[in-house]
Amino acid sequence: MRCVMHSCVFVRVMTFGGLALIALGTGGIKPCVSAFGGDQFQDHQKHLLSKFFSVFYFSINAGSVISTLLTPVLRGDINCFGPESCPATANDNSTNRTASKCGGEDCYALSFGVPAALMIISLFVFLGGSRLYTKHKPPGGKNIFFMFVGCIATATKNWLLKKGRRKGVKFIHHACPTYPVEFANDVWAVLRVLVIFLPLPVFWSLFDQQGSRWTLQATRMNGDVGAIHIKPDQMQALNPILILVFIPFFEVVVYPILNKLHLLRRPLQRMVCGMLLAGLAFMVAGFIQLKVQGTGYHPPIGGEARVTFTNLLTDSRVMVEIDDRTFNIGPDQSTMWIGRSNMTHSMMFTADNPIYGNLSEDTTFEDQSLGHVLIGLDELSQQLDLVSLPGRYNVTEDEATVRVINGVVGLTGEIDVQLYNPSDCEDEDTQFAANGLGFGQYEIFENVSVAEYSFVINATAEAEGAKSVCGDREMVAGGVYSVIVTRSNSSFRVNVVKSSEPDSVSLLLQIPMYVLITAGEIMFSITGLEFAYSQAPASMKSICQAAWLLTVCFGNIIDAAVTQSQIIENQAGEFFFFASLMGLMAIILAIMSLFYKYVPVPQARKSKVNRSTDEETMAFVDSSPGNYDTSVKTDISEL
């Protein structure tokens, strides 16, 4: 995108400003919305909490699916200001631009505006029920987060300075009498929950690789399923779709069966199982990656040459006889031949159209080469003519190699060929350009990124051929392609010939990975939300929800640290490492769960302070919000 200085600055300011507002809004909504929803249930309804969090998670993923499907349509398939607003351009017909894109421009105003309008509507709907909601005010009318941090800081300071330190007194009670005993008990209860959260970030370090490492793996796999082609990044849509299917399935089938068998009845047990399922998903990903890594570029073996014959004639088939083999090539078609290298081969070419005659030639092909022979016409005699191209490439397993060839028979001038990505034929997106190619001339592009490309061809000298063509072609990692430009009825055509394409692993093999990690997500994430809510004191629900969300942040940090350090060079090894790390964290959480004492759900509403000397009982005392009398300086000796 081209822009002048002041407009670029404005765009960047608005972009980062918008991101900052989203971050601010998300930080305010996410920790509170699930806690607020849970607060609407009375004591006699607490058994419905698990179903609420399932429905809550279902709603989130339903919104994700709708957004994934609807937003691209709003952006690319609808005119912002109507078709009449699109200025006519000379190349519109020949470049096959769709009328919906107004000169190739996407309608981002609509794709951003519709969600914004829906958000405003939902806000008013939410506010409409304000009088019906159960609302809890922060204790003492103060910010609960700062009180939480202040209580811990005061306890730490007094403990280090040995102020009031005595045997049998919990660490957190050193914050008294600056903070009420009831509040200190609540803080202590939250700290015990936060300890349980310590192994959890690793789950998110695995889960969030669906949009990075798993998609990268998908770029090296074959997405063709019959007549349908699945793009690598489209596999991510499986997760929210499976969530919508699995949530009711788990609630109606899986959990009732487990309860009858007395298995996985406690939240931490289910979370451990979810972590193991995520680890298993990465084990599957690792084995698939081993298969993918074995399907890279395979050059011809020693003593062998691989030659592609392309018939550039548009009105005649050509019979090719080479040594003891004969094959026919249709107009504008190609055939691959594999034979011995470094030896002389006798070739005979005969056209069906007798006016083109026949042609014989002896040639030698270089060892382990991917040669290309173009069958065309001599410009003067209009008899069969050959153009032999060498075929030695530096091919990498993660990228493609492309040779652009001018195969326009009878062209008096030269052609320019541009490769675009994304495939919308816009000059700003030019990736490669082969300019000034005469007939039979070519240019090789190595290290071509795996993607869909468009090709635009323009003749530089011949008016009748000065038409452009724009069409999509996908380049596969490890593949070697010849992009041959031909002409039919005064219009250019692009013929992409696969000189060597790697053996492809079906993209459908990733489905078990997504099934496993989605099942793990349901058992881990939904259960974790319920656990964070039910085990937190009534005044600390949002604190625990915020801490739960913070595990996602730390999971992303772990992911970035491992992948960016490049300690593990092999991608399959990296998958196995994460699977092993997940298994270790699951074992740690399982051990921790054996010593964790759950807070009975009704206790979350008690307002009395349990002054029992029993440590576990005191740890989970929970006061109702707003009942802390911060003016009372309770002496620690009263405990």
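What counts and how
Residues numbered from 1 in each chain as written. Predicted model: local features only at pLDDT ≥ 70, side-chain atom pairs only at ≥ 80, totals over all residues. Heavy atoms only, no water. Pairing = 2+ DSSP bridges. Helix = DSSP H or I, 4+ residues; strand = E, 2+ residues; numbered from the N terminus. Axes fitted to C-alpha atoms, helices over the stretch in contact; angles between N-to-C directions. Phe/Tyr/Trp six-rings, centres within 6.5 Å; stacked < 30°, edge-to-face > 60°. Buried < 20%, exposed > 50% of the residue type's maximum accessible area, 1.4 Å probe, protein only. Lys NZ or Arg CZ within 6 Å of the ring centre and 35° of its normal. pLDDT = per-residue confidence, 0-100. Contact = heavy atoms within 4.5 Å. Parallel < 35°, antiparallel > 145°, perpendicular 65-115°, else oblique. Left-handed = near helix turned anticlockwise from the far one by under 90°. Nonpolar A, V, L, I, M, F, W, Y, C, P; charged D, E, K, R; others polar. Core = buried A, V, L, I, M, F, W, Y, C linked by side-chain atoms within 4.5 Å.

Chemist: What am I meant to see in the sheet that holds strand β11 (residues 384-389) here?
Modeler: Strand pairs in the sheet, formed through backbone hydrogen bonds, run parallel or antiparallel to each other. Strand order in the open sheet made by the four strands is β7-β4-β10-β11, with mixed pairing throughout. Each edge of the open sheet is held by one strand with a lone partner, namely β7 (334-340) and β11. Across the sheet, the mean angle separating the axes of adjacent strands is 25° when strand polarity is ignored. The sheet contact formed by strand β4 (residues 304-311) and β7 spans seven bridges and is antiparallel. Bridge pairing in β7 links Ala305 to Gly339.

Chemist: Help me understand the packing of aromatic side chains in this model?
Modeler: Between two aromatic rings, the relevant description is the distance of the centres plus the angle of the planes. Scanning all chains against the criterion turns up 32 aromatic pairs. Measuring from centroid to centroid gives 5.7 Å for Trp337 and Phe365, while their planes differ by 50°, and the two rings are tilted. Of this pair, Trp337 sits in strand β7 while Phe365 sits in the loop between β9 (358-364) and β10 (370-377), placing them 28 residues apart in sequence. For Trp337, a relative accessible area of 5% translates into the label buried. The structure contains a cluster of three or more aromatic residues connected by ring pairs, namely Phe197, Phe203, Trp204, Phe207, Phe524 and Trp548. Above the plane of the ring of Tyr442 lies Arg403, whose end atom (NZ or CZ) is 5.2 Å from the centre. Of note, Lys541 hangs over the ring of Tyr533, and the distance from its end group to the ring centre comes to 4.3 Å.

Chemist: Help me understand the confidence of the model for the protein in this model?
Modeler: Atom-level detail of predicted coordinates should not be read off regions where pLDDT is low. In this model, the protein carries a mean pLDDT of 79, and residues with pLDDT of at least 70 account for 79%. Predicted confidence is poor over residues 83-104, with pLDDT under 50, and the contacts of this stretch with residues over four places away or in other chains come to 27 contacts.

Chemist: Which parts of the structure should I look at to understand the packing of helix α5 (residues 181-197) against helix α11 (residues 541-565)?
Modeler: Between two packed helices, both the angle of their axes relative to each other and the distance between the axes serve to describe the pair. Here α5 crosses α11 at 15°, and the two axes come no closer than 11 Å. One finds that α5 runs roughly parallel with respect to α11. α11 is crossed by α5, and the crossing has right-handed handedness. From α5, Val190, Val193, Leu194 and Phe197 reach across to α11, where they touch Ile543, Cys544, Ala547, Trp548 and Thr551. For the contact of α5 with α11, the per-class residue count stands at eight nonpolar, one polar and no charged.

Chemist: Explanation requested: the nonpolar core in the structure shown.
Modeler: What tends to happen in soluble globular proteins is that the nonpolar side chains get buried as a cluster. Within the largest apolar cluster, 86 residues are counted, with the highest numbers of intra-cluster contacts made by Trp214, Met275, Phe531 and Trp548. For this core, the element with the highest residue contribution is helix α10 (residues 511-534), accounting for 13 residues. Sequence-distant contacts of Met275, defined by excluding residues within four places in its chain, comprise Pro199, Leu200, Phe203, Phe524, Met582, Met585, Ala586 and Leu589.

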